[in-house]
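Survey of secondary and tertiary structure
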Amino acid sequence: MSGEGGGGGFPGGGGGGGFGGLGDLLQQASRIKERISEMQNELANKKVDGTSGGGMVTATVNGKGELLAIKLEKNIVDPSDIEMLQDLIVAAVNDAGRRSRDAAQEEMSKLTGGIKIPGIF
């Protein structure tokens, strides 16, 4: 029985030959990491609009969720009801942020085949 199992229990025998699959997996993980970084850069440059008040208030954010612009239709501005305008602005910004996160998750899903990776988005 001394001639059996010369590979120390590792597939492929001795000399590390059985770890080729691990090397391939690490290479694949590295490529995915690079693609995620590229995708994050692309998303940072993407603009997403959110609206409220039937389109009377529009907020534009980038893929990082940073607010870039607010657009107000003139007839939405009522000096006697500033609170409503404030609420509409908040709603539009929240809508834009939600749409931005959804777009990021959709792109990530394409990259990962639907697997959710914690800490990415």
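This structure is a prediction, so every number in the text was calculated from the model and none was measured.

Within the protein chain, the secondary structure is distributed over two helices and three strands. Helices and strands in the protein chain line up, N terminus first, as α-β-β-β-α. Intrachain contacts of the protein chain at a sequence separation of at least 6 include 42% that bridge at least 24 residues. Of the roughly 8,500 Å² of accessible surface on the protein chain, a fraction of 53% belongs to carbon and sulfur atoms.

For the rest of this paragraph, the subject is the sheet that holds strand β2 (residues 57–62). What the three strands build is an open sheet, ordered β1-β2-β3; its pairing is antiparallel. The sheet is open, and its two borders are formed by β1 (47–52) and β3 (67–72), each paired with just one other strand. In this sheet, adjacent strand axes meet at a mean angle of 20° when their direction is disregarded. Judged from the five bridges that link them, β2 and β3 form a sheet pairing that is antiparallel. Within β3, the residue paired with T58 across the bridge is K71. The sheet strands contacting helix α2 (residues 82–112) are β1, β2 and β3, and the helix crosses β1 at an angle near 140°.

To continue, consider the side chain of S100. Assignment of secondary structure puts S100 in helix α2. Its relative accessible area of 3% is what places S100 among the buried residues. In this structure the side chain of S100 is engaged in a polar contact, spanning 3.1 Å, whose partner is the backbone oxygen of N62. Among all residues touching S100, those that are not within four sequence positions of it are V48, V61, N62, G63 and G65.

If you check α2, its first and last C-alpha atoms are 45 Å apart, about what 31 residues at 1.5 Å a residue would give, namely 45 Å. Residues L85, L88, A92, D95, A96, G97, S100, A103, A104, M108 and T112 constitute the buried set of α2. The first or second residue beyond α2 is G113, which carries a positive phi of 70°.

Calculation criteria
Residues numbered from 1 in each chain as written. Predicted model: local features only at pLDDT ≥ 70, side-chain atom pairs only at ≥ 80, totals over all residues. Heavy atoms only, no water. Helix = DSSP H or I, 4+ residues; strand = E, 2+ residues; numbered from the N terminus. Contact = heavy atoms within 4.5 Å. Areas by Shrake-Rupley, 256 points an atom, 1.4 Å probe, with all protein chains shown as cover. Pairing = 2+ DSSP bridges. Axes fitted to C-alpha atoms, helices over the stretch in contact; angles between N-to-C directions. Buried < 20%, exposed > 50% of the residue type's maximum accessible area, 1.4 Å probe, protein only. Polar contact = N/O pair within 3.5 Å; in protein donor to acceptor, adjacent residues only side chain to side chain. Expected span 1.5 Å × (residues − 1).

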